[in-house]
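Here is what each chain is made of, one letter per residue.
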Amino acid sequence: MVKITKVYTRRGDKGMTDLVGGIRISKTDIRLEAYGTIDELSSHLGLLVTMMSPEEEERTVVLRVQNNLFNIGTHLATDQSQTPLYASARLPEGETALLEQRIDAINAALPQSQGFVLPGGTMAAAQCHVCRTVCRRAERRIDALAEQAQVGPDIIEYVNRLSDYLFVLAKIINFNAAHDEILWQNACK
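If you're wondering where the values come from, they're calculated on a predicted model, not measured in any experiment.

This brings us to the overall build of the protein chain. Secondary structure summary: the protein chain contains five helices and four strands in total. Reading the helices (α) and strands (β) of the protein chain from amino to carboxyl end gives β-β-α-α-α-β-α-α-β. C-alpha atoms of the protein chain, sized along the principal axes, occupy 50 × 40 × 30 Å. Out of the 189 residues belonging to the protein chain, those deemed buried represent 41%.

See below:
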C-alpha cells in the first residue's frame, strides 16, 4: 500500500512533471497525454460504476478494468529506454482474452443489430458511450506514443478491445433496462 503523505509538491508549477524513475518531461508531452487520458477514462468508469447495480455481473468487470488501467497508466508513465518496468506496470496475463469473452457473451445475449446506434438510452448506457469515446481517444494517444517510444503490444490490444467491450456493454445495459436504442436516421438514403 502506498501512503500519500503530501498532495502537493510544487514540482509541476513550471509545466514539468516526473515519470516513473524520476525523469522530468513537459506536461504537454504525448506520453503524459496517453496516461492522462487513461486516468480520465478510469474516472469516467468510476462514474459508470456508481450507476450500475451491485448485483450486475458487468460491474465487477468494470472495476477490474479500472484496476488494469492503473497498470496501464504506470506502463505508459515509464520511459523504458531509461527505466525498467515495475511489476505494477504490466497488464496481468489473460486480461484481453477476458474482455473478448465478455464481448462474446454479451453479443450472444443481444438481438441482432438493426443499424448504427446513437449514444444514449439509459443514464448508465450513455455514460458507457462516454467511456467508449474516451477509450478511443486514449488508444489514439497510445498509438502516437508507440510511434516514438516502447509500448507493450498487450497494452495497445487491451485498450482497443476495451472500447469494443464498452460498446456492447452500453447495448446490454439498454437491453436489460428494456430501453430501446436510438438508431441513426441516415438522411442521405
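There is more to say after this.
What follows covers the environment of Leu45. Relative to the elements of secondary structure, Leu45 occurs in helix α1 (residues 30-51). The class of Leu45 is buried, set by a relative accessible area of 1%. Beyond its immediate sequence surroundings of up to four residues, Leu45 is in contact with Val62, Val65, Gln66, Leu69, Cys131 and Leu166.

Moving on, we come to the nonpolar core. One recurring pattern in soluble globular proteins: nonpolar side chains tend to sit buried together. Counting residues in each nonpolar core, the largest one holds 45 residues, and the members touching the most others are Leu48, Leu76, Leu162, Tyr165, Leu166 and Leu169. Those elements giving two or more residues to this core turn out to be α1, α2 (57-76), α3 (95-109), α4 (123-146) and α5 (153-176). If one sorts the elements of this core by residue count, α5 sits on top with 11 residues. Discounting residues that sit within four places of it in the chain, Leu162 has contacts with Leu41, Val65, Leu69, Leu99 and Cys135.

The next thing to look at is the side chain of His129. For His129, the position within the fold is in helix α4. Setting aside residues up to four positions removed in sequence, His129 forms contacts with Pro119, Gly120, Phe167 and Ala170.

Moving on, we get to the packing of α4 against α5. Remark: α4 packs on α5, axes separated minimally by 9 Å, with the N-to-C direction vectors making an angle of 170°. Taken together, α4 and α5 sit at an angle that is classed as roughly antiparallel. Residues Ala124, Ala125, Cys128, His129, Cys131, Arg132, Cys135, Arg136, Glu139, Ile142, Asp143 and Ala146 of α4 form the contact with α5, whose own contacting residues are Ile156, Val159, Asn160, Leu162, Ser163, Asp164, Leu166, Phe167, Leu169, Ala170, Ile173 and Asn174. Class assignment for the residues of the contact of α4 with α5 results in 15 nonpolar, four polar and five charged.

Conventions used here
Residues numbered from 1 in each chain as written. Predicted model: local features only at pLDDT ≥ 70, side-chain atom pairs only at ≥ 80, totals over all residues. Heavy atoms only, no water. Helix = DSSP H or I, 4+ residues; strand = E, 2+ residues; numbered from the N terminus. Buried < 20%, exposed > 50% of the residue type's maximum accessible area, 1.4 Å probe, protein only. Contact = heavy atoms within 4.5 Å. Core = buried A, V, L, I, M, F, W, Y, C linked by side-chain atoms within 4.5 Å. Axes fitted to C-alpha atoms, helices over the stretch in contact; angles between N-to-C directions. Parallel < 35°, antiparallel > 145°, perpendicular 65-115°, else oblique. Nonpolar A, V, L, I, M, F, W, Y, C, P; charged D, E, K, R; others polar.

As far as function goes, none of this settles anything; it's purely spatial.
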